[in-house]
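# Reading the structure
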Amino acid sequence: MQSEINKKIIIGKIGAARGLNGELKLIPLTDFENRFENLRQVDVDGKILKIDYVRQIGGNLIIKFVEYNNREAAQKLTNKMLKVDKSAAAPLSDGEFYTFDIIGLNVFNLNDKKLGEVIEVLKTGSNDVFVTKSEDEREILIPALKKAVKKIDIENKIMIVDESAFEEFN
């Protein structure tokens, strides 16, 4: 099993090439977009790439890697994921969790009945929604609200929920 120290987390996705000098659009997959300001290297497909710069143009982030100096070479990175060591994750306040820690949690109701496993976290603006797949392949939508989610135990990979707080959504 991979140790927690060496575990990688996804922080972004590489978009289309931009211009001729190897610049690429960067699609952040993190709540901490400012993390790109001081980032010097990332893992892309198991290879460490050095970041020349990240800048904002309009509403888009643009990334340039030292190893890629032309459009043709850089566009081979399109749709690849940017990863960093989990140890480089931004610190959280009490009661906050990373999306990558929530996905895979086993969800139980207050009567200890297993409802399924969290397969996705939807960002809705007002609150996140945990998409949970049941054993019969149904999807259960659980709002990330204190009245619905009673306990999250990352270490034991368990989420306890109160079904009465979200049954109208399902």
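Calculation rules
Residues numbered from 1 in each chain as written. Predicted model: local features only at pLDDT ≥ 70, side-chain atom pairs only at ≥ 80, totals over all residues. Heavy atoms only, no water. Salt bridge = Lys/Arg side-chain N within 4 Å of Asp/Glu carboxyl O. Helix = DSSP H or I, 4+ residues; strand = E, 2+ residues; numbered from the N terminus. Buried < 20%, exposed > 50% of the residue type's maximum accessible area, 1.4 Å probe, protein only. Contact = heavy atoms within 4.5 Å. Patch = residues over 30% accessible without salt bridge, like charges linked within 9 Å, V, L, I, M, F, W, Y side chains within 5 Å. Areas by Shrake-Rupley, 256 points an atom, 1.4 Å probe, with all protein chains shown as cover. pLDDT = per-residue confidence, 0-100. Phe/Tyr/Trp six-rings, centres within 6.5 Å; stacked < 30°, edge-to-face > 60°.

Following the criterion strictly, the structure yields 9 salt bridges and no others. The residue R55 makes a salt bridge to E23 at a minimum N-O spacing of 2.5 Å. Of this pair, R55 sits in strand 4 (residues 47–57) while E23 sits in strand 2 (residues 23–28); the two residues are 32 residues apart in sequence, bridging distant segments of the chain. Here R55 falls in the partly exposed class, since its relative accessible area comes to 35%. Residue K80 is joined to D45 by a salt bridge in which the shortest nitrogen-to-oxygen separation is 2.7 Å. Taken together, the positions of K80 in the loop between helix 1 (71–74) and strand 6 (81–85) and D45 in the loop between strand 3 (41–44) and strand 4 put the pair 35 residues apart, joining distant regions of the chain. Given the relative accessible area of 26%, K80 is considered partly exposed.

To continue, consider the environment of A74. The topology assignment puts A74 in helix 1. It is 18 Å that separates the C-alpha atoms of A74 and Q56, two residues lying 18 residues apart in sequence. In this structure A74 touches G22, L24 and Y68, once residues within four positions along its chain are discounted.

Turning to a nonpolar patch on the surface, a few remarks are in order. A contiguous nonpolar surface patch, about 240 Å² in accessible area, is contributed by I10, I27 and L29. With respect to the helices, strands and loops of the structure, I10 is situated in strand 1 (residues 8–18). Look at I10 and you get partly exposed, because its relative accessible area is 40%.

Let us look at the confidence of the model for the chain. On average, residues of the chain carry a pLDDT of 89, and 95% of them reach 70 or more. Note that residues 1–5 has pLDDT below 50 and, in this model, 4 contacts with residues that lie over four places away or in other chains.

So, on to the packing of aromatic side chains. Remark: the centre distance and the inter-plane angle together describe each pair of aromatic rings, the angle taken between the planes. Per the stated rule, a full pass over the model turns up 1 aromatic pair. Ring geometry for Y98 against F100: centres 4.8 Å apart, planes inclined by 10 degrees, an arrangement best described as stacked. Residue Y98 is classed as buried on the basis of its relative accessible area of 17%. F100 sits in the partly exposed class, given a relative accessible area of 29%.

Now for unusual backbone geometry. Residue D112 is not a glycine yet carries a positive backbone phi of 70 degrees. Relative to the assigned elements, D112 resides in the loop between strand 7 (106–109) and strand 8 (114–123). Phi is positive for E137, which is not a glycine, with a value near 75 degrees. By the secondary structure assignment, E137 is in the loop between strand 9 (128–133) and strand 10 (139–143).

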